[in-house]
Amino acid sequence: RFLEKYRAIRIAELKKKNHSFGQVIPISRPDWSKEVNGDSHRSWVVVTLTSSNTRRTGAVEYATQELSSKFPSIKFVSIPSQQAIENWPDTNLPSIFVYHKGTCQQQLIQMETNLSVDQVEWKLAQIIDELDTDLEEEPEPSSSSSPPSSSTASRGYKGTSVFGGQMSQLKTHDNHEEEDYDDVD
């Protein structure tokens, strides 16, 4: 009996450890297949596209950093937008892709540039069932918020890409003989 209890406790600890991330992990293009597509079979993966223009992406980067420690069972990664998708326009930033079971479940494109941590948490909680938020309603934008530039910006873009799916095909291998794409639409 003692050994059975000990074994069960130890297995639970190992499972928890294996699914505990707690920080935003910076990745590069060659890491995408393993860190995003592969790991999304074990847990949800939130991909934040970053930019050197921190005025555009800084608030969302800060929010995902805070949320990664609040929700350690969800994997948060960041990647420079130009490494993730060649010629990704800065006007599409901030952008977040949410992966699960090997594919992109949702795209949040052209989000407001000054979102709070609570606002990003709310948006992700609408997509990720396992994100157990204590927010009961969508947080109001702060009084200093500038109006969104389009109707998609205020709620985050959902559905097919604004590029008709062409820009959202992410190359997962660097093999010139065979093109291997995972469509994120």
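Model, not experiment: these values are computed from the prediction.

**Details of the nonpolar core**
A general tendency of soluble globular proteins is for nonpolar side chains to be buried together.
Line of reasoning, step 1. Of all hydrophobic cores here, the largest spans 20 residues; its most connected members are Ile74, Ile96, Leu124 and Ile128.
Line of reasoning, step 2. Among residues more than four places away in sequence, those in contact with isoleucine 96 are Val46, Val47, Thr48, Val60, Thr64, Gln106, Gln107, Leu108, Met111, Val120 and Leu124.
Line of reasoning, step 3. With 16 residues, the next largest nonpolar core counts Trp32, Val77, Ala84 and Ile109 among its residues.

**So, the packing of helix H3 (residues 54–70) against helix H5 (residues 117–125)**
Line of reasoning, step 1. Direction vectors running N to C along H3 and H5 enclose 65°, while the axes themselves pass 9 Å from each other. Overall, the two elements H3 and H5 adopt an arrangement that is roughly perpendicular. Taken as a pair, H3 and H5 cross one another with a handedness that is right-handed. Seen from H3, the contacting residues are Tyr62, Ala63, Glu66, Leu67 and Lys70; seen from H5, they are Val117, Val120, Glu121 and Leu124.
Line of reasoning, step 2. Among the residues making up the contact of H3 with H5, the classes are represented as 6 nonpolar, no polar and 3 charged.

**A word on the sheet that holds strand E1 (residues 24–26)**
Line of reasoning, step 1. If you walk across this open sheet you meet the 5 strands as E1-E3-E2-E4-E5, and the pairing is mixed. Only two strands of the sheet have a single partner each, and these edge strands are E1 and strand E5 (103–108). Strand-to-strand, the axes of this sheet are offset by a mean angle of 25°, without reference to chain direction.
Line of reasoning, step 2. Relative to strand E4 (residues 95–100), strand E2 (residues 45–50) is paired through 5 bridges, and the arrangement is antiparallel. Bridging from a neighbouring strand, leucine 49 pairs with serine 95 of E4.
Line of reasoning, step 3. Packed onto the sheet, H3 meets E1, E2, strand E3 (75–80) and E4 and runs at close to 155° relative to E2.
Line of reasoning, step 4. Sitting on the sheet, H5 is in contact with E2, E3, E4 and E5, with an inclination near 35° to E4.

**Remarks on the confidence of the model for the protein**
Line of reasoning, step 1. Averaged over all residues, the pLDDT of the protein equals 77, while 71% of them reach at least 70.
Line of reasoning, step 2. The low-confidence segment residues 143–181 (pLDDT under 50) makes 79 contacts with residues lying over four places distant or belonging to another chain.

Definitions and limits used
Residues numbered from 1 in each chain as written. Predicted model: local features only at pLDDT ≥ 70, side-chain atom pairs only at ≥ 80, totals over all residues. Heavy atoms only, no water. Core = buried A, V, L, I, M, F, W, Y, C linked by side-chain atoms within 4.5 Å. Buried < 20%, exposed > 50% of the residue type's maximum accessible area, 1.4 Å probe, protein only. Contact = heavy atoms within 4.5 Å. Axes fitted to C-alpha atoms, helices over the stretch in contact; angles between N-to-C directions. Helix = DSSP H or I, 4+ residues; strand = E, 2+ residues; numbered from the N terminus. Parallel < 35°, antiparallel > 145°, perpendicular 65-115°, else oblique. Left-handed = near helix turned anticlockwise from the far one by under 90°. Nonpolar A, V, L, I, M, F, W, Y, C, P; charged D, E, K, R; others polar. Pairing = 2+ DSSP bridges. pLDDT = per-residue confidence, 0-100.

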